[in-house]
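Below are the chains, spelled out letter by letter.
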Amino acid sequence: MDLDIIPNGLAAGSLYALIAVGFNILYRPTNVFNFAQGDLVMLGAMIGASALASGLPWLLALAAAAVFVGVIALLENAVAVAPVVRRSSVSHAWIISTLAYSLIIDNLVGHAWGPDPIRVDPPAPLSMTTFTVAGMRTSSYQIALIVGTAVMILLIERFYRTRSGKAVMAVAEDRDAALLRGIDPGRLSRWSFFLGGGFAAVAGLLASPVLYASTQLGPALLVKGFEAAAIGGVGNNRGALVAGWILGLAEALGGSVLSPGYQQASTFVLLLVILLIQPRGLFGQPEARNV
Amino acid sequence: MTALLKVESIDVGYGHVGVLEDVDLAVEQGSIVALVGSNGAGKSTLLRAISGLLRPRRGRIVFAGTDLAGAAPNRVVDAGILHVAEGRRLFRQQSVDDNLELGLYGVRVGRSDAASRYARVFELFPVLAERRRSRAGVLSGGQQQMLAIAQALMREPRLLMLDEPSLGLAPIIVDQVLEVLLRLRDGGTTILLVEQMVERALEIADYGFVLRNGRLIGQGPAAELARSDVVTSAYVGAKQQH
Amino acid sequence: MLDSPWLGRAAILVLAVAIYAFPLIAHSDYRLYLGTQVGIYLLVAMGLNLLSGYTGQPSLCHGALLAIGAYVTAIATVDHGWSFWPAALAGMAITAGAGALIALPAFRVTAWYFALITLAFAEVVGGMLVEWGGLTHSFSGVVGIPMPSAFGRSFGAAQLFWLVATIDIACFIMMGNMMRGRFGRGFIALRDNEIAARASGISLVRLKMFAFVVSAAVTGLAGAFYAVQKTVITPDDFTADVSIFFLVVVVLGGSGRLWGAALGTVAFFVVPELLTSLQAWRLLIYGVVLLALMLFAPHGLQGAIAAGWRALRVAFGASPRPPVRPAEASSAPAVQPVQGIAVSIEGLLRRFGGVTALDRVSLAIESGSVHAIVGPNGSGKTTLLNMICGFFRPDEGSIRLDDVEVVGRSTASIARLGVGRTFQTPKLLPELSATENAMLGAFAAERASTVEVALWAPRARREHAALAAQAQHFLGFVGLGERVHEQAGELPHGQQRLAEIARALIGRPRLLLLDEPAAGLSLTELDKLGALIRSIADLGVTVVIVEHHLELVADICRHVTVLDRGTVLAEGAPDAVFADPAVIAAYMGARPLAETAP
């Protein structure tokens, strides 16, 4: 067996985890699973790639993409989520409204950038040039991506240990009780949309050196991110990291045996089996509700 | 003395259905006021309207001179009204410490001020000090109720509203909780208490209001109210009290 | 004139004639082709409306299901020489199987998970169409799919149109029948209130599976027609956009409304420019349309038309709603006596986190008695009811209903033993009428088979009429005779609770669990409730009532159990129990006796 699948799988899995964490950031205070997340990631990649092409340094390009997509996500909250959820907090109308928003982004971005993928070079001194370590072919960017993802996710988890983070978790658990403690869920939702959008952009640009920046990626990233989030337990960021890696490794392993179409099918079956056995994912907490 | 809170002829309802009609209520600074009545009389609805979870259709809710009717819950909290809801609504997945910290959400407090607030609630509820790291969900019912009150106290409220604090608790725990309310009152906190245990509530209260089917049917000094028929008539359970 | 039932029937007849005459007046192959395509899309939209609209499970894979039906038909006819008919059947069956597969996780996860699972499934199907080249011919697709033939003659375009139109009309009528019958109520209960569904004895798993399989089978059949109409199918025909297109169609027409699929499909073809000159902006238009609908017209065109129609009626001086036809009183059922269930509970223990809600409660309830469970808030009364009807499992202990152990049984199976239930916060289906809500309670008791219901066969029709009469009878029985046709969501709280009692009664319960039926009732309503409960008990039904209103309890109950903090504090006849100082202390919150005693 080819040992290359380990760095390849972990790198791909890191991207899935990043997308899943973007979902979770939005989901925690709102209980809305953003169907436009895949397109936000894609939009971030396109803006970042264009910014780089115009000569902006990496960090600035990353910041520009994050802020821009954060604002687009804020707008999504304003037009497609907040009004729908306000009308009825129980119905799932937001599924269709966020899906609608994703179609709008998808189409507009497709027209703005066209179908051709844009090549993005990793920030210096990292590169995609491969070398061999312990029998595995990898690149410095791959390694940085894997490590960087883990660090970022742990940092985000640290944020949830701050008072604002705890407030977000409080809203997730009991919105009315949070209201009675002076927490404004609307404000936290807006912040979460902004940050979740920004995070999506970061994920998109980081993925670009590996996947190229392409307007075609939205729906596929949505599904991959969902799979990682669902397997890891929705709302659980560490779970998303582990699940992303598991998915990435499983795919890389499957890819060395099967062709891509079957690989999708086997991932899908894996997801079905896990959800049948553990509907809350591998690391999801059981809901302890007192009725 | 002046009223800290004045509710003036409010109507409140859910959807098509009216729950409260033309209710007036006043809470004097530094007193414990009991609000009693049978299930479904509208007591919790009144508290929810005061704390901004429900918007009254009509009327004013004047707190320390400001009309808060229809204000967002966080504004009500900032004004100094803290509502301990029925059923020990805590953040069960988070620890006792985290729950207390959330009681300080949005409040700028220095390190020493925060420490003294923690010390104060632990002094009131020593049992919480022993369980700071436990998840709120695994506490006993009495401990959860204490934590819910402690969480509200972290903000040093001017008016503390409690909805059925005795719910499901053993009598000895109820005693402890009511004891704490008396201490809080003596420390200057004004308290509005909704309680199904009428006798206990009127025992510690200074003044009482009686609700029945969404209307105010009586009020008076608690001791007088406890002896009057108006409570018994509002509280059907009292029929057997002869 | 506006209210004549003939107006509606005449309109439908004219519509049907116009549809069948279409090939004769189309005068163009292209128009006929489009007409057939409308028919095929309509089938898919109806299938999707069943699943996403009525049952509330948004699917993003109906394009993929269409592909499965089309490919199976195409491969069977082209590569294996089957005739169209068995090939189409195989297409339906295999698509139905795929529907069953994606239904599996839907039993355990919420609707939005399901939507994403269907999205993933659609991707998988899309990938397989390319990858599994040995079967699907990959990108080149299946070419030369033959028209169906009958009696040795191959179909022309007109015959295909007629066939599709006939199936559409049949499907529409059957769908209408299903929705009128118990399935419609059951589906809407799955969507709007699963607790109401479970309390009415509906097995969620079976009914959901049924919705998935039917929806997929209809879509698979549409796929068969799609294949023969296009004669060539390739993976490009079934991109992700196709699934979204159908979702837009259904939401546009009116999701969960009978005419929704038809209105949505037709609307899309009436504006054909949209599909050609604006092709590049299609997704944007879908997105904007969907978003606008979700924000401003969640019930789509049908909802808008209904609102317009009401406005028109008012303009013509009629009342906004058609007058209510009085219930056919002839078939009003005699309310039959039953043998009540005896309940025996032993050592019931239930903890929620650190709180013990029930602490080894034992309790016996005689058959045919009215038994009250009282106690302060939070003493475990509702938890006890939830255990008896299977919403919660106890941590320890046993519950026997007439010697049948029910711990571990599903809510639906307990309901089928003859256990009816009402809730503290009424759980009705707000969009349905009071009558339809009451009829939901008979779900498990209905006997007409699926086919009979779909064809509205005499038995289904009789059962429906009898049930409607019964529903109105029971609504009259609980005092809602005047409001049988009102939407349940419009009823005041207290009356919703009465409607729940009617829903429970129609299932002919032998044990009726009432959770605070008197809360929020006025004094006169209270008297009526007392009389109602007594008359229910007179039928032999065992009634267990959780109630704070002790006067009512003393009035109607032979036996009272007082719970306090999860344990039984006292039990016996009401007079004795309410005179017990310990009970008064617990209830009224007097100081415990030890402290007040001199």
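Details of the structure are given in the entry above.
Residues numbered from 1 in each chain as written. Chains lettered and ligands numbered in written order. Predicted model: local features only at pLDDT ≥ 70, side-chain atom pairs only at ≥ 80, totals over all residues.

Trainee: Can you walk me through the overall build of chain B in this structure?
Mentor: A tally of regular secondary structure across chain B gives ten helices and ten strands. The globule rule puts the C-alpha radius of gyration for 242 residues at 18 Å, and the 18 Å found for chain B is close to it. The 242 residues of chain B split such that 53% are buried. Restricting the contact set of chain B to residue pairs at least 6 apart, pairs at least 24 apart contribute 67%. (Helix = DSSP H or I, 4+ residues; strand = E, 2+ residues; numbered from the N terminus. Rg over C-alpha atoms; globule rule 2.2 N^0.38 Å. Buried ≥ 20, exposed ≤ 12 C-beta atoms within 10 Å, placed from the backbone. Contact = placed C-beta atoms within 7 Å.)

Trainee: It is not clear to me how the overall build of chain A should be interpreted in this structure. Could you clarify?
Mentor: Helix and strand counts for chain A come out as eleven helices and two strands. The order of α-helices and β-strands along chain A, N terminus first, is α-α-α-α-β-β-α-α-α-α-α-α-α. Here the C-alpha radius of gyration of chain A, 19 Å, is about what a compact globule of 291 residues would show, namely 19 Å. Across its three principal axes, chain A shows a C-alpha extent of roughly 55 × 45 × 35 Å.

Trainee: What exactly am I supposed to notice about the sheet that holds strand S14 (residues 567–572) of chain C here?
Mentor: Backbone-to-backbone hydrogen bonds pair the strands of a sheet. The strands run either parallel or antiparallel. Residue and element names in this part refer to chain C. A sheet is described by the order of its strands in space; here six strands give the open sequence S10-S11-S12-S7-S13-S14, paired in mixed fashion. The strands lining the two open edges of the sheet, one partner per strand, are strand S10 (419–421) and S14. Strand after strand, the sheet turns through a mean of 15 degrees between neighbouring axes, direction not considered. By the bridge criterion, four bridges tie strand S7 (residues 370–374) to strand S13 (residues 559–564) in an arrangement that is parallel. Opposite Val374, over in S13, you have Val562 as the bridge partner. Sitting on the sheet, helix H16 (residues 381–388) is in contact with S7, strand S11 (511–515), strand S12 (542–546) and S13, with an inclination near 150 degrees to S11. (Pairing = 2+ DSSP bridges. Axes fitted to C-alpha atoms, helices over the stretch in contact; angles between N-to-C directions.)

Trainee: Could you clarify how one ought to interpret the interface of chain B and chain A in this entry?
Mentor: Between chain B and chain A, the residue contacts involve 22 residues of the former and 17 residues of the latter. Where the side of chain B that touches chain A is concerned, the elements lending two or more residues are helix H2 (73–79) and helix H3 (96–102) of chain B. Residue contributions to the side of chain B that touches chain A peak at four residues, all from H2(B). Residues of the side of chain B that touches chain A, tallied by class, amount to eight nonpolar, nine polar and five charged. (Nonpolar A, V, L, I, M, F, W, Y, C, P; charged D, E, K, R; others polar.)

Trainee: What's the story with the interface of chain C and chain A in this structure? I'm lost.
Mentor: Frequently, the measure chosen for interface size is the accessible area that the parts lose on association. The partner chain A presents 37 residues to the 37 residues of chain C that form the contact. The set of elements that each furnish at least two residues to the side of chain C that touches chain A consists of helix H4 (84–106), helix H5 (111–131), helix H11 (240–253) and helix H14 (282–296) of chain C. The class makeup of the residues in the side of chain C that touches chain A is 31 nonpolar, three polar and three charged.

Trainee: I tried to follow the pairing of strand S6 (residues 355–365) of chain C on my own but got confused; where do I start?
Mentor: Consecutive side chains along a regular strand alternate between the two faces of the sheet. Residue and element names in this part refer to chain C. Sheet topology note: the strand S5 (residues 343–352)/S6 ladder contains eight bridges and is antiparallel. Looking at S6, one finds that Val343 is bridged to Ile365. In this antiparallel pair of consecutive strands, S5 and S6, the connection spans two residues, and Gly353 shows a positive phi of 55 degrees.

Trainee: Just checking my understanding: could you explain helix H2 (residues 37–53) of chain A for this structure?
Mentor: Because an α-helix completes one turn every 3.6 residues, residues spaced three or four positions apart along the sequence face the same direction. Residue and element names in this part refer to chain A. Between its first and last C-alpha, H2 extends 24 Å over 17 residues, near the 24 Å set by a 1.5 Å rise per residue. Here H2 lies mainly inside the structure; 15 of its 17 residues are buried. Just past H2, the residue Gly55 takes up positive phi, approximately 100 degrees. (Expected span 1.5 Å × (residues − 1).)

Trainee: What exactly am I supposed to notice about the sheet that holds strand S9 (residues 207–212) of chain B here?
Mentor: Residue and element names in this part refer to chain B. Sheet architecture is open: six strands sit in the order S6-S7-S8-S3-S9-S10, paired in mixed fashion. The sheet terminates laterally at strand S6 (81–84) and strand S10 (215–221), the two strands that pair on one side only. Geometrically, the sheet is characterised by an average inter-axis angle of 15 degrees between neighbouring strands, direction not taken into account. In this structure, strand S3 (residues 32–36) lies alongside strand S8 (residues 190–194), joined through four bridges in parallel fashion. Directly across from Val33, in S8, lies its bridge partner Leu192. Along the sheet, helix H1 (residues 43–50) contacts S3, S6, strand S7 (159–163), S8 and S9; its crossing angle with S7, the most-contacted strand, is approximately 145 degrees. Running at roughly 150 degrees to S8, helix H7 (residues 171–186) makes contact with S3, S7 and S8 of the sheet.

Trainee: How should I be thinking about the packing of helix H12 (residues 260–270) of chain C against helix H15 (residues 300–315) of chain C in this particular structure?
Mentor: In a pair of packed helices, the angle between the axes and the distance between the axes together describe the arrangement. Residues and elements named next belong to chain C. Where H12 contacts H15, the axes come no closer than 7 Å and their chain directions differ by 105 degrees. Our classification of the angle between H12 and H15 gives roughly perpendicular. In this structure, H12 uses Gly260, Leu263, Gly264 and Ala267 to contact H15, whose residues at the interface are Gly300, Leu301 and Gln302. Considering only residue class, the contact of H12 with H15 consists of three nonpolar, four polar and no charged. (Parallel < 35°, antiparallel > 145°, perpendicular 65-115°, else oblique.)

Trainee: Explain the packing of H11(C) against H14(C) to me, please; I cannot follow it from the model alone.
Mentor: Residue and element names in this part refer to chain C. Where H11 contacts H14, the two axes come as close as 10 Å, and the packing angle between them is 35 degrees. For the pair H11 and H14, the crossing hand works out as left-handed. In contact with Asp241, Ile244, Phe245, Val248, Val251 and Leu252 of H11, H14 contributes Leu283, Tyr286, Val289, Leu290 and Leu293. When the residues that make up the contact of H11 with H14 are grouped by side-chain class, the tally is ten nonpolar, no polar and one charged. (Left-handed = near helix turned anticlockwise from the far one by under 90°.)

Trainee: What is the right way to read the environment of Gly380(C) from this model?
Mentor: Residue and element names in this part refer to chain C. With respect to the element layout, Gly380 can be found in the loop between S7 and H16. The buried category is assigned to Gly380, around which 26 C-beta atoms lie within 10 Å. Sequence-distant contacts of Gly380, that is, excluding residues within four places in its chain, are made with Ala357, Leu358, Leu563 and Gly566.

Trainee: I would appreciate a short explanation of the pairing of strand S4 (residues 58–63) of chain B in the present structure.
Mentor: All names here are of chain B. Across five bridges, strand S1 (residues 3–14) lies against S4 in antiparallel orientation. Directly across from Asp11, in S4, lies its bridge partner Arg58. In this sheet, strand S5 (residues 66–67) lies alongside S4 in antiparallel orientation, the contact comprising two bridges. When the sheet's bridge partners are listed, Val62 is paired in S5 with Asp67. From the end of S4 to the start of S5, which pair antiparallel, there are two residues, and Ala64 there has a positive phi angle of about 50 degrees.

Trainee: Is there a simple way to explain unusual backbone geometry in this structure?
Mentor: A negative phi angle characterises most non-glycine residues, just as the trans form characterises most peptide bonds. Residue and element names in this part refer to chain C. A positive phi is found at Thr231, a non-glycine position, where the angle reads about 60 degrees. Along the chain, Thr231 falls in the loop between helix H10 (204–230) and strand S4 (232–233). For Glu516, which is not glycine, the phi torsion reads 50 degrees and is therefore positive. A tally of 20 C-beta atoms within 10 Å means that Glu516 is categorised as buried.

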